[in-house]
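Tertiary structure, described
If you want the building blocks of each chain, they are given just below.
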Amino acid sequence: VRGGEQDVCVFWTGLLQEMRRLEMESSRAMVWPGLVSVGGDWCTHVDRLFAHVCEERCRCAGCDAMAVNFTRSSLLSLPVPELPSSRAVTCVTDLYPEYCRMAPDFSEDDGLLLCEGACGSRQEHWVQRRVASTPNVLLVEVPRFSVRGQFRAFALQAEEELLLPDLEPLELFGVVHF
């Protein structure tokens, strides 16, 4: 992380990536247990502690082709609540279904992705995500800025026990909220 950077999630993600890189260089990795992947994704000790598998279903708006990808992630970045009221309290359990909801993919600047299906052209795609495995430590980011860069102030309540669909219960160990 560059000097002057104050985003704890950027710092933490950079630290985990560097620790993972060092483990890979030292040949302290194995194929991810229980995950069949074409690329043979490797799993390190850092991954076993901090990573989870994210399932992403992507549907082409042009030809309705569906692709399913599984990726490793060490940070669950939830969406900012759309229109929080000054009195409403938001929690991770409330934001997770919004993260999982099928929504347009804005990962490219123009909002178009190359379709892996029948049409093979750049089309709008809709994406649905979910956390597919329970990590030992789940790092959750609840950003204060929307995708469009708008600041949103809202009250956040941290659950002591986080219950997300299809995952084992997770206990709260710490919160950084500013």
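One can find the structure itself at the top, above this paragraph.
One structure accompanies this document, and this report is about it. (Residues numbered from 1 in each chain as written. Predicted model: local features only at pLDDT ≥ 70, side-chain atom pairs only at ≥ 80, totals over all residues. Heavy atoms only, no water.)

Further remarks concern the side chain of histidine 52. Mapped onto the secondary structure, histidine 52 falls in strand E3 (residues 52–60). Look at histidine 52 and you get buried, because its relative accessible area is 1%. Apart from residues lying up to four places away in sequence, histidine 52 is in contact with Thr71, Arg72, Ser73, Ser74, Leu75, Leu76, Val131, Ser133, Pro135 and Leu138. (Helix = DSSP H or I, 4+ residues; strand = E, 2+ residues; numbered from the N terminus. Buried < 20%, exposed > 50% of the residue type's maximum accessible area, 1.4 Å probe, protein only. Contact = heavy atoms within 4.5 Å.)

Per the counting criterion, the structure on display carries two aromatic pairs. Note on tryptophan 12 and phenylalanine 50: the rings are 5.7 Å apart at their centroids and 80 degrees apart in plane angle, and the pair reads as edge-to-face. Residue tryptophan 12 is found in helix H1 (residues 8–25), and its partner phenylalanine 50 is found in helix H2 (residues 45–50); the two are separated by 38 residues along the sequence. Since its relative accessible area comes to 29%, tryptophan 12 is described here as partly exposed. The exposure class assigned to phenylalanine 50 is buried, which follows from its relative accessible area of 15%. (Phe/Tyr/Trp six-rings, centres within 6.5 Å; stacked < 30°, edge-to-face > 60°.)

Further remarks concern the side chain of arginine 20. For arginine 20, the location among the structural elements is in helix H1. Setting aside residues up to four positions removed in sequence, arginine 20 forms contacts with Asp41, Trp42, Thr44, Val46, Asp47 and Arg72.

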